[in-house]
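# Remarks on the overall topology
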Number of protein chains: 2
Amino acid sequence: MKARVTVTLKSGILDPQGKAIEGALRLLGIEGIASVRQGKVFDIEIADGDRAGVETALKKAAEKLLANTVIENYRVEVLP
Amino acid sequence: MKARVTVTLKSGILDPQGKAIEGALRLLGIEGIASVRQGKVFDIEIADGDRAGVETALKKAAEKLLANTVIENYRVEVLP
């Protein structure tokens, strides 16, 4: 079973890395960029099981390890 | 206009960071994890324009800056 956990910064949290990428894109001549925010994505292969159980396990993983819930949001998607 | 560029390692490329996360999840008692691969996600706010033009600009951004196409794949999604 495949799943994807996406971790992004909460709005309001400064993202200097994103700002740097924004500047670099402008220097490269790519126009119209208003803002860039960088996040992380985890592609996880997990043993087959009921969808709800897998989602619970991955939420636990995100809370405990993958995301810093003080400054980051996470989203768990179990792929079909 | 919002868009998301997802950058993931090509299959076959070693991912020591993913391996470390995999080990850590096991130690935390989260069961059934077979593999983890980490990637990056860029949430981009871009000036409104025709969808094809925006996609072309973002593909250029990914090729030039966001992804290392020797070892990484990228995917551009323009959100509605």
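Every chain begins its residue count from 1, and numbering advances along the sequence as written. Here every chain gets a letter starting at A, and every ligand a number starting at 1, in the order they are written. Confidence filtering applies because this is a predicted model: local features only for residues at pLDDT of at least 70, side-chain atom pairs given and counted only at 80 or more, and all residues used for totals across whole chains, interfaces and linings. Water and hydrogen atoms were dropped before computing side-chain values, which therefore reflect all heavy atoms in the structure.

### Digging into helix α1 (residues 16–27) of chain B
Here a helix means four or more residues in a row that DSSP labels H or I, a strand means two or more in a row labelled E, and each is numbered from the N terminus. How far a helix is expected to stretch is found by multiplying one less than its residue total by 1.5 Å. Helix length check: α1 of chain B (12 residues) gives 17 Å between terminal C-alpha atoms against 16 Å at 1.5 Å per residue, within 8%. For α1 of chain B, every residue scored as buried is listed here: Gly18, Ile21, Glu22 and Leu25 of chain B. Projected down its long axis, α1 of chain B carries its buried residues within an arc of 105°, all on one side. Looking at α1 of chain B, the residues exposed on the side facing more than 90 degrees away from the buried face are Pro16, Lys19 and Leu27 of chain B. Only heavy atoms enter the contact rule, under which two residues are in contact if any of them lie within 4.5 Å. Packed against the buried residues of α1 of chain B are β2 (33–46) and α2 (51–66) of chain A together with β2 (33–46) of chain B. Burial classes follow relative accessibility: with a 1.4 Å probe on protein chains only, a residue under 20% of its type's maximum area counts as buried, one over 50% as exposed, and anything between as partly exposed. Our arc is simply the arc of the directions from the helix axis toward the C-beta atoms.

### Describing the environment of Glu55 of chain A
Structurally, Glu55 of chain A is set in helix α2. When neighbours within four sequence positions are excluded, Glu55 of chain A is seen to be in contact with Val76 and Val78 of chain A.

### So, the confidence of the model for chain A
Here chain A averages 95 in pLDDT, and 100% of its residues register 70 or above. Under the prediction, the complex receives an ipTM of 0.92, its pTM being 0.93. A score between 0 and 100, pLDDT records how confident the predictor is in each residue.

### A few points about the pattern of salt bridges
Residues and elements named next belong to chain A. A pair is scored as a salt bridge if a Lys or Arg side-chain nitrogen falls within 4 Å of a carboxyl oxygen belonging to Asp or Glu. Applying the stated criterion to the full structure yields 12 salt bridges over all chains. A salt bridge links Asp43 to Arg4, with the shortest nitrogen-to-oxygen separation between them at 2.7 Å. Of the two residues, Asp43 is situated in strand β2 and Arg4 in strand β1 (residues 2–9); the sequence distance between them amounts to 39 residues. Since its relative accessible area comes to 24%, Asp43 is described here as partly exposed.

### Points about the relation of the copies chain A and chain B
Overlaid copies result from least-squares superposition on C-alpha atoms, with residues included only where pLDDT is at least 70 in both. Mapping chain A onto chain B leaves a residual RMSD of 0.0 Å; the transformation is a rotation of 180° accompanied by 0.0 Å of translation along its axis. Between the two chains, the operation in question is that of a two-fold axis. Ranked by how close their C-alpha atoms come to the rotation axis, the residues of chain A are headed by Lys40 of chain A, at 2.3 Å. Mapped onto chain B, 97% of the interface residues of chain A again fall at the interface, so both copies present the same surface.

### A closer look at the side chain of Glu72 of chain B
All names here are of chain B. Relative to the elements of secondary structure, Glu72 occurs in strand β3 (residues 72–78). Given the relative accessible area of 12%, Glu72 is considered buried. Those residues within four positions of Glu72 in sequence are excluded, and the remaining contacts are Val7, Thr8, Leu9, Lys10, Lys40, Leu66 and Ala67.

### Concerning the interface of chain A and chain B
Contacts between the two partners involve 34 residues from chain A and, on the opposite side, 34 residues from chain B. Buried area: the sum, over both parts, of the accessible surface (1.4 Å probe) that disappears when the two are put together. In total, chain A and chain B occlude about 2,600 Å² of area from one another, counting both sides; carbon and sulfur atoms represent 66% of this. Linking chain A to chain B there are zero salt bridges. Residues adjacent in sequence count toward polar contacts only when both atoms are side-chain atoms; beyond that, a polar contact is any pair of N or O atoms within 3.5 Å, and within protein one must be able to donate a hydrogen and the other to accept it. For the pair chain A and chain B, the number of links is 10 residue pairs in polar contact (both at pLDDT 80 or more). Ranked by residue count, the leading element in the side of chain A that touches chain B is β2 of chain A, at 14 residues. At least two bridges found by DSSP between two strands are what make those strands a pair. In terms of strand pairing, β2 of chain A meets β2 of chain B through 13 bridges, oriented antiparallel. If you follow Arg37 of chain A over to β2 of chain B, its bridge partner there is Asp43 of chain B.

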